[in-house]
Amino acid sequence: MTKLSAIPIAAACALIAATTALGAGTDVLVSSGSPPAPFSQNKQNEPAIAIDANHPNVLVSGSNDEIDMEACNAGNDTTCPFTQGVGVSGVYFSFDSGQTWTQPTYTGWTARDCLGTPGADAGCTPHVGSIGTLPWYYENGLVSDGDPAVAFGPKPVNGTFSWSNGSRLYYANLTSNFGATRSEEAFKGFEAIAVSRTDNVQSAAASNKAAWMPPVLVSHQSTTTFSDKEQVWADNASASPFFGRVYVCWANFVGQEKGNAAPAQLEVAVSSDGGSTWSTHPIGAAANNGQRNPLDGCTIRTDSDGNAYVFGVGTVSSQGHTASELVSISNNGGGTWSAPRPVAGPVTQPGIFDPVLGRPTIDGIAGARSDLAPGPSVDIANGAPTGADATNRIVLTYVSGNIAAPHVYFTESTDGAATWTTPRALESAGDRGYYTAPAISPNGTDVYVVYNAFTTPYRNDTTSSRNLVGVVMHADVAGAATGTFSEVHRGADGDPRSSSQNNLVGEFLGDYVYAAATRTYGAAVWNDSRNGADCSAMDAWRMSLRTGSTVARPAPQQDCAPNFGNSDIFGGAYADPTP
């Protein structure tokens, strides 16, 4: 099909040159610093990705990355704890359109050399040393706690945003206090939202710690606040009246852990000065009852006219207990927001509740949690970097269904979220959807969707093999609607039983996957288990926790293969198959 673009010819040639080496059907290890062993240093999950709209060969990815944690053999060999004070917000850079990735090394609080020995030993003493995660947290009394979200926007100079000033990378993540006592707290509460920034990704990728600004706390905290599941976005279309404005959304839980207290309103923070200061706005009513459940699993985007859209999954009074994908819109740069209203649904949580995990799972007993499988992921064709060729088409994906057939659903809007197409399932035959994300080219001609899926049925035991796969799909936009999706890549198989929570009682693959797109290619990242090894001793012990039988708790580094727990972030960049 013929696709028109408003970008200059020279820029178009540069984009073509940047993507000539992209090949269909290939993928690459994004978490490039990840060791194959030991657990939990080999554990990465919850990937995010962003493309610099003004330099579309430049990409950044983030993940929960435990590369700096102590090994299980440190101290008690049957425990694999999160080391106090050690961060987990990994960052990776690509300057060749996602073909290769590098993970920088900085300095901070680390335990990566706390390997221990089989049997009794003194345990781990973390210290200042090499880290593979975001810098400047330890020095500011903070710990980077993952849930990564990344976005590029224009750099401000003297209060003015322009692409000619350069690009600014924003990395939002959870953060906790480094100090263990109240007198040492950097903020109140249990988890806050912080944003790191750099104006020089080349220097940051080259392990220059000074390229990063210190993290800025975004969320307003009380002594009981647990902020969770944030996302960041920068208005990156220069046609927008709010060009350069930055938005962060998150779920605000009033209690130490998500399962122990109900969420209050979804929160959105807005910055008009490049992330230095933030104003916070509640979205919807602060209630959690039979008539209303506040938005969770948020995602946020802007169109070329500067309208900002925040999406989440939840209920409103008119729906009762029925959950839907909801949207709240701001037409004034985040100053005020509309009441949330349904755009797609009803949606269902396709998992089965696991009493030991206290969460639903889709792949089987002691499986990977699936709390936010129905959460929305969204992208908008806003014509970045200029907005000149924007169509402002909004694309949204989510997972919903019963345990036998969790579907990857797609819906779209061409009128500013006023109306939406009937959701349609797009996964390939035999795939049971887990997490998904869409991306649409800035000019609105191509849609890419990434998803993780299980190709095995729900397992009522822990001995039968399971299979996890990452899939990338593509469809052309023809006229008023997006066409049929077809696979452009299917990743390697992996058994998710090889993944693990740090407390070992179940698998762990996190809560999301991610995609981004340019005018000539789409990029995606997903959770991957191809390099992990299942452990029969761990399978037996996990099952015993559900049946009440007596099985000794394993020591992972003695009772399992070295690459037990090795979950990775894989990704790929795929040239538009129908340019």
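Please refer to the structure higher up on the page.
Here goes a summary of the coordinates provided. Since the structure is predicted, the reported quantities are computational estimates derived from the model, not experimental observations.

It is worth spelling out the overall build of the chain at this point. Along its length, the chain carries four helices and 33 strands. A compact globule built from 579 residues would reach a C-alpha radius of gyration of about 25 Å, and the chain, at 22 Å, matches this within 12%. Taking the intrachain contacts of the chain between residues at least 6 apart in sequence as the baseline, contacts between residues at least 24 apart amount to 65%. Carbon and sulfur atoms form 54% of the exposed surface of the chain, whose accessible area is close to 19000 Å².

Neighbouring strands of a sheet are bound in pairs by backbone hydrogen bonds; such pairs are parallel or else antiparallel. In space, the four strands of this open sheet follow the order S16-S17-S18-S19, with antiparallel pairing throughout. The outermost strands of the open sheet, each flanked by one partner alone, are strand S16 (293-302) and strand S19 (341-347). The average undirected angle you get between the axes of adjacent strands in this sheet is 20°. Alignment of S16 against strand S17 (residues 308-315), held across six bridges, turns out to be antiparallel. Residue pairing for S17: Thr299 is matched across the bridge by Phe311.

Right, let's get into empty space enclosed by the protein. This model, assessed by the stated rule, comprises three cavities of 30 Å³ or more. Its boundaries defined by the atoms lining it, the largest cavity holds a volume of some 260 Å³. What lines the largest cavity is a set of 19 residues, among which Gly297, Cys298, Pro376, Asp511 and Tyr512 lie closest to the centre. Of the residues that constitute the lining of the largest cavity, the class distribution is ten nonpolar, six polar and three charged. Reported here for the second largest cavity is a volume of approximately 100 Å³. Contributing to the lining of the second largest cavity are 18 residues, with Gly87, Trp109, Ile131, Leu134 and Tyr138 lying nearest its centre. Those elements giving two or more residues to the lining of the second largest cavity turn out to be strand S5 (106-110) and strand S7 (142-144). In terms of residue class, the lining of the second largest cavity is built from ten nonpolar, six polar and two charged.

This part is about the nonpolar core. Grouped burial of nonpolar side chains is what soluble globular proteins tend to show. Counting residues in each nonpolar core, the largest one holds 39 residues, and the members touching the most others are Leu426, Tyr434, Val447, Val450, Phe485 and Trp526. Where this core is concerned, the elements lending two or more residues are strand S23 (394-402), strand S24 (405-413), strand S26 (432-440), strand S27 (446-454), strand S28 (468-478), strand S31 (514-517), strand S32 (521-528) and strand S33 (568-575). In this structure, Val30, Ile49, Leu59 and Ala573 belong to the second largest nonpolar core, which totals 38 residues.

What follows concerns the state of the cysteines. Throughout the structure, instances matching the rule amount to four disulfides. Numbered by position along the chain, the disulfide-linked cysteines of the chain connect as 1-2, 3-4, 5-6, 7-8.

The tally for this structure, following the rule as stated, stands at 24 salt bridges. Where Asp534 meets Arg497, a salt bridge forms, and the shortest distance between an N and an O atom there is 3.2 Å. With a gap of 37 residues between them, Asp534 in the loop between S32 and helix H3 (536-547) and Arg497 in the loop between strand S30 (486-490) and S31 connect regions that are remote in the sequence. Between Asp528 and Arg530 there is a salt bridge, with the nearest N and O atoms lying 2.8 Å from each other.

Time to look at the pairing of S26. Within S26, nine of the nine residues are buried, which leaves the element mostly enclosed by the surrounding structure. Across eight bridges, the pairing between S26 and S27 is antiparallel. Directly across from Arg432, in S27, lies its bridge partner Phe454. A loop of five residues connects S26 with S27, the two strands running antiparallel in sequence, and Gly444 in this loop sits at a positive phi of about 75°.

Ordered by their spatial adjacency, four strands build an open sheet running S1-S33-S32-S31, and the pairing between neighbours is antiparallel. A single partner strand is all that each edge strand has here, and the edge strands are strand S1 (28-29) and S31. By the bridge criterion, two bridges tie S1 to S33 in an arrangement that is antiparallel. Considered in S33, the bridge of Leu29 is made with Phe570.

Turning our attention to the packing of aromatic side chains. Throughout the structure, instances matching the rule amount to twelve aromatic pairs. A ring pair is formed by Phe93 and Phe95, whose centres lie 6.4 Å apart and whose planes are at 5°; its orientation type is stacked. Taking relative accessible area as the criterion, Phe93 reaches 1% and is therefore assigned buried. A relative accessible area of 31% places Phe95 in the partly exposed class. Across the ring face of Trp136, the terminal group of Lys209 is positioned such that the distance to the ring centre comes to 4.4 Å. Over the ring of Phe570 we find Arg530; its NZ or CZ atom is 3.7 Å from the centre of that ring.

This brings us to the side chain of Asp354. By secondary structure assignment, the location of Asp354 is in strand S20 (residues 352-354). The buried category is assigned to Asp354, whose relative accessible area is 4%. Of note is the side chain of Asp354, whose polar atom sits 3.1 Å from the backbone nitrogen of Leu357. Residues within four places of Asp354 in sequence aside, it is in contact with Arg359, Pro360, Thr361, Ile365, Ala366 and Arg546.

Turning next to H3. With twelve residues, H3 extends 16 Å between its outermost C-alpha atoms, agreeing within 8% with the 16 Å of an ideal straight helix rising 1.5 Å per residue. What H3 keeps buried is the set Met538, Asp539, Trp541, Arg542 and Ser544. Those residues of H3 that are buried lie in contact with helix H4 (556-559). A positive phi of about 85° marks Gly548, the residue just after H3.

Parameters and conventions
Every chain's residues receive numbers from 1 upward, in the order its sequence appears when written. Residue-level local features of this predicted model are given only where pLDDT is at least 70; pairs of side-chain atoms are given and counted only at 80 or more, and the full residue set underlies all totals for whole chains, interfaces and linings. Think of the side-chain values as coming from all heavy atoms in the structure, minus any hydrogens and water. To qualify as a helix, a DSSP run of H or I must reach at least 4 residues; to qualify as a strand, a run of E must reach at least 2; elements of each kind are numbered from the N terminus. Radius of gyration: over C-alpha atoms. The globule rule applied is 2.2 Å multiplied by the number of residues raised to the 0.38 power. Should any heavy atoms of two residues lie within 4.5 Å, those residues are considered in contact. All accessible areas in this document rest on Shrake-Rupley with a 1.4 Å probe, and a residue is counted as covered only by the protein chains that are shown. Any two strands with at least two DSSP bridges between them are considered paired. Axes here refer to lines fitted to C-alpha atoms; in helices the fit is confined to the stretch in contact. Angles between the N-to-C directions go from 0 to 180 degrees. Two kinds of site are reported from a 1 Å grid over the protein atoms alone, namely cavities, where a 1.4 Å probe fits but cannot get out, and pockets, open sets with protein on both sides within 12 Å along at least five of seven lines, and residues are called lining when an atom falls within 4 Å of a point. Grid points are joined across faces, edges and corners, and a volume is the space filled by probe spheres set on the points. For this classification, the nonpolar set comprises Ala, Val, Leu, Ile, Met, Phe, Trp, Tyr, Cys and Pro, the charged set comprises Asp, Glu, Lys and Arg, and every other residue, Gly included, is treated as polar. The term nonpolar core refers to a set of buried residues drawn from Ala, Val, Leu, Ile, Met, Phe, Trp, Tyr and Cys, joined through side-chain atoms within 4.5 Å. Partly exposed residues are those whose accessible area sits between 20% and 50% of the maximum for their type, while under 20% is buried and over 50% is exposed, using a 1.4 Å probe and protein chains only. In plain terms, two cysteine sulfur atoms within 2.5 Å form what is called a disulfide here. Salt bridges are identified by distance alone: a Lys or Arg side-chain nitrogen within 4 Å of an Asp or Glu carboxyl oxygen. Stacked, tilted and edge-to-face pairs are distinguished by plane angle, under 30 degrees for stacked and over 60 for edge-to-face with tilted covering the rest, among Phe, Tyr and Trp rings (Trp via its six-membered ring) whose centres lie within 6.5 Å. Cation placement over rings: the criterion is NZ of Lys or CZ of Arg within 6 Å of the ring centroid and within 35° of the ring normal. Definition of a polar contact: a pair of N or O atoms within 3.5 Å, with one able to donate and the other able to accept a hydrogen when the atoms are protein atoms, and with sequence-neighbouring residues admitted only if both atoms are side-chain atoms. Every helix has an expected span of 1.5 Å times one less than the residues it contains.

Limitation: the analysis is restricted to geometry and does not speak to function.
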